[in-house]
Amino acid sequence: MIKIIFFDIDGTLVQLGKNEMTQKVKDTLIQLQQEGIKIFIATGRPLFEVPKFKGITFDGIISFNGSYCVSNNTVIHQNVIDKEDVKIVIQNASKLGHYVQISGKDRMLANGYEENLEKYFKLAKQDLYVSNDFDSFVQEDIYQMVSAVQEKEYEQILKGTKSLKIVSWWSEACDIIPKASGKANAIYKILEYYGYSIDESMAFGDGGNDKDMLEAVGMGIAMGNAIDEVKKIADYVCDTVDNDGICSAIDKFIFKELIIVFMFVGNIMLVNI
């Protein structure tokens with residue numbers, strides 16, 4: 001029986017470029033909670049950039065692609081980037097002709113403007129903040145970095161670092177996080193925290209940074225609008241985000257199962273009587 005479900009935001013809960021889910025999706029999530037199933041957001045966004053959805057409160061949030069996770073205001077897991085690796089990435093990006101955006105727990109700043117870097121944030125209804133305070137900000141705890149590098153540049157931007165990896169949901173930019181982060185690693189921490197098994201978990205996603213998440217849970221579901229490599233590793237492919245795909249999948253795998261269990265238990269009770 002599923003006890004917890006993890007949802008990506010952009011392209012999964014909401015259409016790309018929007019910050020509000022449909023009423024149908026919201027009603028489905030509320031019904032899940034009424035059935036005692038916990039719902040978590042799992043996103044690459046900073047915690048402070050996760051949208052507030054009117055009428056619903058999630059049980060927890062995986063932010064920064066797994067580097068900072070909270071549940072009911074309790075920090076379950078956090079993982080900062082090695083400060084020396086932060087400096088190396090900034091230097092490598094400069095050699096490649098790129099700027100870098102870095103994110104702390106409460107703010108994010110970039111050391112310069114770049115068109116694809118701005119587009120990256122606009123896709124998720126966020127803004128690119130360029131600041132002269134960048135150099136001092138580097139000394140703070142950094143959970144995630146973003147640079148407008150393409151796949152052919154991944155090796156170069158990580159050259160010389162000790163503990164970093166790349167996750168990406170857009171071909172023109174990527175997220176850089178600790179190797180020990182990732183949505184999957186965060187999910188393991190959360191399952192351990194609640195005492196749930198992998199078989200009791202489910203996840204929905206559409207982008208490259210959702211692959212490890214879908215493989216980590218008991219049932220990984222790809223959106224109909226997901227990239228092909230995500231669909232290939234998913235246990236099931238539902239309808240698109242435009243058609244409220246998560247609703248039909250949850251009805252199929254959760255609500256109908258609950259009805260069957262209820263009918264089964266009801267029949268046992270009748271026999272005992």
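Parameters and conventions
Residues numbered from 1 in each chain as written. Predicted model: local features only at pLDDT ≥ 70, side-chain atom pairs only at ≥ 80, totals over all residues. Heavy atoms only, no water. Helix = DSSP H or I, 4+ residues; strand = E, 2+ residues; numbered from the N terminus. Rg over C-alpha atoms; globule rule 2.2 N^0.38 Å. Buried < 20%, exposed > 50% of the residue type's maximum accessible area, 1.4 Å probe, protein only. Contact = heavy atoms within 4.5 Å. Areas by Shrake-Rupley, 256 points an atom, 1.4 Å probe, with all protein chains shown as cover. Pairing = 2+ DSSP bridges. Axes fitted to C-alpha atoms, helices over the stretch in contact; angles between N-to-C directions. Core = buried A, V, L, I, M, F, W, Y, C linked by side-chain atoms within 4.5 Å. Phe/Tyr/Trp six-rings, centres within 6.5 Å; stacked < 30°, edge-to-face > 60°. Lys NZ or Arg CZ within 6 Å of the ring centre and 35° of its normal.

A. Just the overall build of the protein, in detail. Looking only at helices and strands, the protein features nine helices and 13 strands. A compact globule built from 273 residues would reach a C-alpha radius of gyration of about 19 Å, and the protein, at 20 Å, matches this within 12%. Looking at the 273 residues of the protein, the share that counts as buried comes to 52%. When contacts within the protein are restricted to residue pairs at least 6 apart in sequence, those whose partners lie at least 24 apart make up 59%. For the protein, the accessible area works out to roughly 12800 Å², and carbon and sulfur atoms hold 49% of it.

B. Representation of the sheet that holds strand E2 (residues 38-42) within the structure. Read from one edge to the other, the open sheet built from eight strands follows the order E5-E4-E3-E2-E1-E11-E12-E13, with strand pairing classed as mixed. This sheet does not close on itself; its edge strands, each paired only once, are strand E5 (74-78) and strand E13 (236-237). In terms of strand pairing, strand E1 (residues 4-7) meets E2 through four bridges, oriented parallel. For Phe-6, the partnering residue across the bridge sits in E2 and is Phe-40. Contacting E1, E2, strand E3 (60-63), strand E4 (68-71), E5 and strand E11 (201-205), helix H6 (residues 183-194) runs over the sheet at an angle of about 135 degrees to E5.

C. View of the sheet that holds strand E6 (residues 100-103). The five strands are arranged E7-E6-E8-E10-E9 in an open sheet whose pairing can be described as antiparallel. Looking at which strands have only one partner, the edges of the open sheet turn out to be strand E7 (108-110) and strand E9 (164-170). The sheet shows a mean angle of 25 degrees between the axes of neighbouring strands, taken without regard to direction. Across four bridges, the pairing between E6 and strand E8 (residues 144-147) is antiparallel. When the bridges of E8 are listed, Ile-102 appears paired with Met-145. Strand contacts of helix H3 (residues 115-123): E6, E7, E8, E9 and strand E10 (173-178), with the helix running at about 70 degrees to E9, the strand carrying the most contacts.

D. Spatial organisation of the nonpolar core. By size, the foremost hydrophobic cluster in this structure holds 34 residues, and its most contacted members are Phe-7, Leu-29, Leu-32 and Phe-204. Sorting the residues of this core by element identifies E1, helix H1 (23-34), E2, E4, E11 and helix H9 (245-272) as the ones contributing at least two each. With six residues, H9 is the single largest residue contributor to this core. Ignoring anything within four residues of it in the chain, the contact list for Phe-7 reads Leu-13, Leu-29, Leu-32, Ile-39, Phe-40, Ile-41, Ala-42, Phe-58, Phe-204, Ile-246 and Ile-250. Within the second largest apolar cluster, 21 residues are counted, among which are Val-100, Leu-109, Phe-134 and Val-138.

E. Seen up close, the packing of aromatic side chains. On inspection of all chains with the given rule, the structure shows eleven aromatic pairs. Pairing Tyr-68 with Tyr-143 gives two aromatic rings, centres 5.3 Å apart and planes at 80 degrees, and the pair type is edge-to-face. In this pair, Tyr-68 sits in strand E4 while Tyr-143 sits in the loop between helix H4 (134-137) and E8, placing the two residues 75 residues apart along the sequence. Both residues of the pair, Tyr-68 and Tyr-143, belong to the buried class. An aromatic cluster of three or more residues is present, and its members are Phe-6, Phe-40, Tyr-193, Tyr-194 and Tyr-196. Residue placement shows Arg-107 over the ring face of Phe-137; its charged tip is 4.3 Å from the ring centre. Its end group placed over the ring of Phe-253, Lys-252 keeps NZ or CZ at 5.5 Å from the ring centre.

F. Representation of unusual backbone geometry. The phi angle at Phe-64 is positive, at roughly 50 degrees, despite the residue not being glycine. Position of Phe-64 among the secondary structure elements: in the loop between E3 and E4. For Phe-64, a relative accessible area of 0% puts it in the buried group. Positive phi, close to 60 degrees, is recorded for Lys-125, a residue that is not glycine. Note that Lys-125 resides in the loop between H3 and H4.

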